[in-house]
Amino acid sequence: MRFLPAGDLAVSVEFAEEISVEVNTRVRALEFLIRQKGLTGVLETVPTFRSLLVYYDPHAVGYEALCEAIAELAPQASTTVLPPARAVELPCCYDTELGLDLEAAAERLRLPVDELVRLHSAAEYLVYFIGFTPGLPYMAGMPERIHLPRLETPRTKVPAQSVGIGATQCCIYSVESPGGYWILGKTPLRLYDPEAPDPVLLRPGDRVRFRPIDRAEYERIAAQVEARTFRPVIA
Amino acid sequence: MTVRILDAGPLTTVQDLGRAGHLRYGIPPSGPLDRESFLLANRLVGNDAAAAGLECTYMGPRFQVDRACAIAVTGAAAPVTVNGAAAPRWTTIMLGAGDTVRVGAPRVGVLSYIAFSGGLDLAMILGSRATYARGRLGGLEGRALRQGDALDVRDGPLPAVRSLATPPSVGGEAETIVRVVLGPQADRFTDEGIRTLLGATYEMTQQSDRMGARLRGPRIEHTRGHDIISDGIALGSIQVPGDGQPIVLLVDRQSTGGYTKIATVCSFDIGRLGQVKPGQRLRFAAVTVDEAHRLLRESETFLDGLLREERA
């Protein structure tokens, strides 16, 4: 574990140089412990694949003292300390109009479109962390058979709520933004809704499943989301 | 009381001290880029530090108040007029019902701050009134102000008139010195790359905004590629993508990113950086974390000193 200063108000606690569920679990467990213990001077934490960015108040705690306190907690940072993960079901419409790259990805993978959809929707995904844009989940759990290098030419605009895959990752665009993932479909749910009391749908550590829906159901749910009557399935 | 916006200026937003605790959901803190000028504006109208006011980029707004109130304008050297007559900055300005105020384009600096006695009265979104325009969150409908907007101000007693004996200098240096702490990924740059960062001058570009300041200058050399496994981006992180040109990430930054970060601008120099106009130059100077904490305390003592010197 390394402590890397990030200016006068933050320190990056780096566990390893790899993307894996094991390393990310330790990151999230350390975050949980820091919050649970209410570590002196800690203001805010941002978990990512393999590191935790800790924002602190230097008037309340010095850099060395903070690093020592974190180092003391680190050995306990394992999956056993984490509370049970939430299970979230995301309806996803895999059609060729919303799934901008569905056919191209299937062709590249030498799979029938139906089989690509089946493989993608059969897996359970772990939200490693939320980042980049508000509410965007970085997720693990893609079946190896559908791993693909990212698009050679990223799109300048990907519609919000698009579900994409690239390399070993699955992600859902939370706002319209540039992006290099292959877009397989779209969820009618808003990953980020600035007008909702709780604007961000997913949390680090959530377990996500995609439920394939047809276009008619997509439109139905989208209308309910618009009317704010849709309740996502979260267990 | 209501403030009616007659002209908004190119980018005028409601800001307070920012939205803490939501970076783990990808939501940045927002808040004023030049925190010191913002705090002084609030202080000059007798507000709490956290009261909401306006941040203006380049040209400020023209607005009318419908009741007597006090305002203060701080930050960039922008001309202020009340009903067409010049008014001072860094001073409490007493307004009467129907008065029209204009904050013009700054000769020096970029950002002006306008505080209203009582503070702007808007809904708190996730604990803050700060505007995050990219995420359409906070402020007035999550956006920059427009002509015709009306902003409510909390009613309260009028403060005494005060001014700063020695206002801080904002912008205008031939070369602004910006202090940084090296890291978190300084080891991904060659010695020559680090020397370039700390030895060369960089120019502020037009492509800069509240998310990040894009700088132009000598290319900063990486050791092995410019990509890392995405990690957290702190206030002031200096990201260096493949073209070797530094980007300093600011209050509306993305929470995480996958480019190498050579160093981090110290919090107390973010405001100075924000006041550098496109085309003007700046230089980076490295300090240790301990030195940065000492300088942070010094900058706070300096700010307190300015406030103690305020004159009735």
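Residues numbered from 1 in each chain as written. Chains lettered and ligands numbered in written order. Predicted model: local features only at pLDDT ≥ 70, side-chain atom pairs only at ≥ 80, totals over all residues. Heavy atoms only, no water.

As for unusual backbone geometry
Residue and element names in this part refer to chain B.
- In the segment running from Gly-183 into Pro-184, the intervening peptide bond is cis, with an omega of 10°.
- Relative to the assigned elements, Pro-184 resides in the loop between strand E12 (175-182) and helix H2 (191-199).
- One non-glycine residue, Leu-126, lies in the positive phi region at around 50°.
- Considering the arrangement of structural elements, one finds Leu-126 in the loop between strand E10 (108-116) and strand E11 (150-152).
- Look at Glu-141: it is not a glycine, yet its phi comes out positive at around 50°.
- Within the element layout of this structure, Glu-141 appears in the loop between E10 and E11. (Helix = DSSP H or I, 4+ residues; strand = E, 2+ residues; numbered from the N terminus.)

Side note on the sheet that holds strand E1 (residues 2-5) of chain A
Residue and element names in this part refer to chain A.
- Here we have four strands laid out as an open sheet, ordered E1-E2-E4-E3, and antiparallel in their pairing. Edge positions in the open sheet fall to E1 and strand E3 (42-47), since each of these has one partner strand only. The mean angle between the axes of side-by-side strands here comes to 25°, regardless of whether they run parallel or antiparallel.
- Relative to strand E4 (residues 51-56), strand E2 (residues 10-14) runs antiparallel, the two sharing five bridges. When the sheet's bridge partners are listed, Ser-12 is paired in E4 with Leu-53.
- With respect to the sheet, helix H1 (residues 21-37) is in contact with E2, E3 and E4, its orientation differing from that of E3 by roughly 165°.
- Set on the sheet, helix H2 (residues 63-73) makes contact with E1, E2, E3 and E4; between it and E1 the angle comes to about 150°. (Pairing = 2+ DSSP bridges. Axes fitted to C-alpha atoms, helices over the stretch in contact; angles between N-to-C directions. Contact = heavy atoms within 4.5 Å.)

Overview of the domain arrangement of chain A
All names here are of chain A.
- What the domain assignment lists for chain A is domain 1 (2-81) and domain 2 (87-234).
- Just the C-alpha atoms count here: the centres of domain 1 and domain 2 sit 29 Å apart.
- Tallying the contact residues gives eight residues for domain 1 and nine residues for domain 2.
- Summing both sides of the interface, domain 1 and domain 2 together bury roughly 720 Å²; the carbon and sulfur share of this comes to 72%.
- Sorting the residues of domain 1 by area buried against domain 2 places Val-21, Arg-28 and Phe-49 first, and these three jointly supply 56% of that buried surface.
- At the junction of domain 1 and domain 2, the tally comes to zero salt bridges.
- At the junction of domain 1 with domain 2, the criterion picks out one residue pair in polar contact (both at pLDDT 80 or more).
- Here the residues of the side of domain 1 that touches domain 2 sort into four nonpolar, three polar and one charged. (Domains from an automatic or database assignment. Buried area = accessible area lost by both parts, 1.4 Å probe. Salt bridge = Lys/Arg side-chain N within 4 Å of Asp/Glu carboxyl O. Polar contact = N/O pair within 3.5 Å; in protein donor to acceptor, adjacent residues only side chain to side chain. Nonpolar A, V, L, I, M, F, W, Y, C, P; charged D, E, K, R; others polar.)

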